[in-house]
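Descriptive structure summary
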Amino acid sequence: MDKQECLDAISILGAGGFLERYKPEIRKELRSAESKVVWIHGAGCSGCTMSFLSADQELLSTILERECIIYHKTLLEQSGFFVDGVLMRDPELDIEYYLEDIEKTGGYILVVEGALVEGPANSGRYCLIAGKSVRERIIKAAARAKVILALGTCASCGGVPGDRRSENVVRDFPGVIFRGAVERRIILDEHGIRKPVINLPGCPPKPEQIMALLALLLLDKIRFPEDSGLLDEYLRLKVIKGG
Ligand code: SF4
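Residues numbered from 1 in each chain as written. Predicted model: local features only at pLDDT ≥ 70, side-chain atom pairs only at ≥ 80, totals over all residues. Heavy atoms only, no water.

1. Some remarks on the environment of G152
Topologically, G152 is positioned in helix 6 (residues 152–157). Between the C-alpha atoms of G152 and G114, which are 38 residues apart in sequence, the distance is 7.1 Å. In this structure G152 touches C48, L200, P201, G202 and P205, once residues within four positions along its chain are discounted. (Helix = DSSP H or I, 4+ residues; strand = E, 2+ residues; numbered from the N terminus. Contact = heavy atoms within 4.5 Å.)

2. What to know about a negative patch on the surface
A surface patch of negative charge is lined by D2, E5, D8 and E25. For E5, a relative accessible area of 32% translates into the label partly exposed. (Patch = residues over 30% accessible without salt bridge, like charges linked within 9 Å, V, L, I, M, F, W, Y side chains within 5 Å. Areas by Shrake-Rupley, 256 points an atom, 1.4 Å probe, with all protein chains shown as cover. Salt bridge = Lys/Arg side-chain N within 4 Å of Asp/Glu carboxyl O. Lys, Arg positive; Asp, Glu negative; His and termini not counted. Charge placed at Lys NZ, Arg CZ, Asp CG, Glu CD. Buried < 20%, exposed > 50% of the residue type's maximum accessible area, 1.4 Å probe, protein only.)

3. Observations regarding unusual backbone geometry
Cis geometry is adopted by the peptide bond preceding P120, which originates at G119 and carries an omega value of -5 degrees. Residue placement: P120 occurs in the loop between strand 5 (108–113) and strand 6 (128–129). For the bond running from C203 to P204, omega is -5 degrees, close enough to zero to count as cis. With respect to the element layout, P204 can be found in the loop between strand 11 (197–200) and helix 9 (207–218).

4. Here's the deal with the side chain of S133
Along the chain, the position of S133 falls in strand 7 (residues 132–133). Here E136 takes part through its backbone nitrogen, which lies 3.0 Å from a polar atom of the side chain of S133. (Polar contact = N/O pair within 3.5 Å; in protein donor to acceptor, adjacent residues only side chain to side chain.)

5. Description of the site of the ligand
All residues adjacent to the ligand are G44, C45, S46, G47, C48, G152, T153, C154, G202, C203 and P204. Elements supplying a minimum of two residues to the shell around the ligand: helix 2 (47–53) and helix 6. The biggest single contributor to the shell around the ligand is helix 6, with three residues. (Near = heavy atom within 4 Å.)

6. Here we look at the nonpolar core
One recurring pattern in soluble globular proteins is that nonpolar side chains are buried together. Counting 78 residues, the largest nonpolar core has F18 and L110 as the members making the most contacts within it. Counting residues per element, this core draws most heavily on helix 1 (residues 3–31), at 10 residues. Those residues within four positions of L110 in sequence are excluded, and the remaining contacts are V38, I40, I138, A141, A142, A145, V147, I148 and L149. (Core = buried A, V, L, I, M, F, W, Y, C linked by side-chain atoms within 4.5 Å.)

7. Topic: the packing of helix 1 against helix 9
In a packed pair of helices, the relevant descriptors are the angle between the two axes and the axis-to-axis distance. Where helix 1 contacts helix 9, the two axes come as close as 10 Å, and the packing angle between them is 60 degrees. Considering their axes alone, helix 1 and helix 9 lie oblique with respect to each other. Classified by chirality, the crossing of helix 9 by helix 1 is left-handed. Only E208, Q209, M211, A212, A215, L216 and L218 of helix 9 make contact with helix 1, whose side of the interface consists of C6, L7, I10, A15, G16, F18, L19, I26 and L30. (Axes fitted to C-alpha atoms, helices over the stretch in contact; angles between N-to-C directions. Parallel < 35°, antiparallel > 145°, perpendicular 65-115°, else oblique. Left-handed = near helix turned anticlockwise from the far one by under 90°.)

8. Let's talk about the sheet that holds strand 1 (residues 37–41)
An order of 2-1-5-8-11 is seen for the five strands of this open sheet, with the pairing classed as parallel. Sheet topology places strand 2 (69–72) and strand 11 at the edges, where each strand pairs with a single neighbour. Taken over all neighbouring pairs, the strand axes of this sheet differ in orientation by 20 degrees on average, direction set aside. By the bridge criterion, six bridges tie strand 5 to strand 8 (residues 145–151) in an arrangement that is parallel. Residue I109 lies in a different strand from strand 8, and its bridge partner there is V147. Along the sheet face, helix 4 (residues 95–105) touches strand 1, strand 2 and strand 5 and points at about 130 degrees away from the line of strand 2. (Pairing = 2+ DSSP bridges.)

See below:
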């Protein structure tokens, strides 16, 4: 199952048809896949995670059993263990310290779900996880990622939180690269991070689109920079545009 065969199948059969047709091969390859996923939430409703969980259950089980996802606050909760009133700062007991270890190693697929949060006054402190701003977390994780998947409309361009007709404009919710449909926001560039980004818009994207794209990335069927031509001007994979 080479890259071109996968892309041709998706463009002819659609993401769902591709998964159905190639499920045995995908599951077999996933069992020996080396790539890992770090999945960080910004400002969103977790509907993208729910959509992913609604994808083909055999493929989902394979991904979870093989521990392809190594950080996800909803799926892999393990944090805040106290012993005798003292918080254990141990990667084995607290996923936050585990993430610090993962970031030192690098080379993972970073999935961003939800918008980044800039406000107030560019501090990012309107959205915190364990005391750290989500924006800071995403920038830090992006620095060691091999590719970033901006999952859903929120992460792609701001989405519902980024609606600029409301008071949200004060809070400032951009996507990873875009804010709105045309304005380009170079948060990563501002921090000297030059990583490939794939946008998969949709609120949420369809389960089979998320699963197919994640499978392509986990199986290294898409690599950068050589596969940059597979993306359109909005950084969507041309054969899986979301929506
Ligand atoms: S894109 Fe839609 S479904 Fe996904 S986190 Fe944002 S609001 Fe929720």
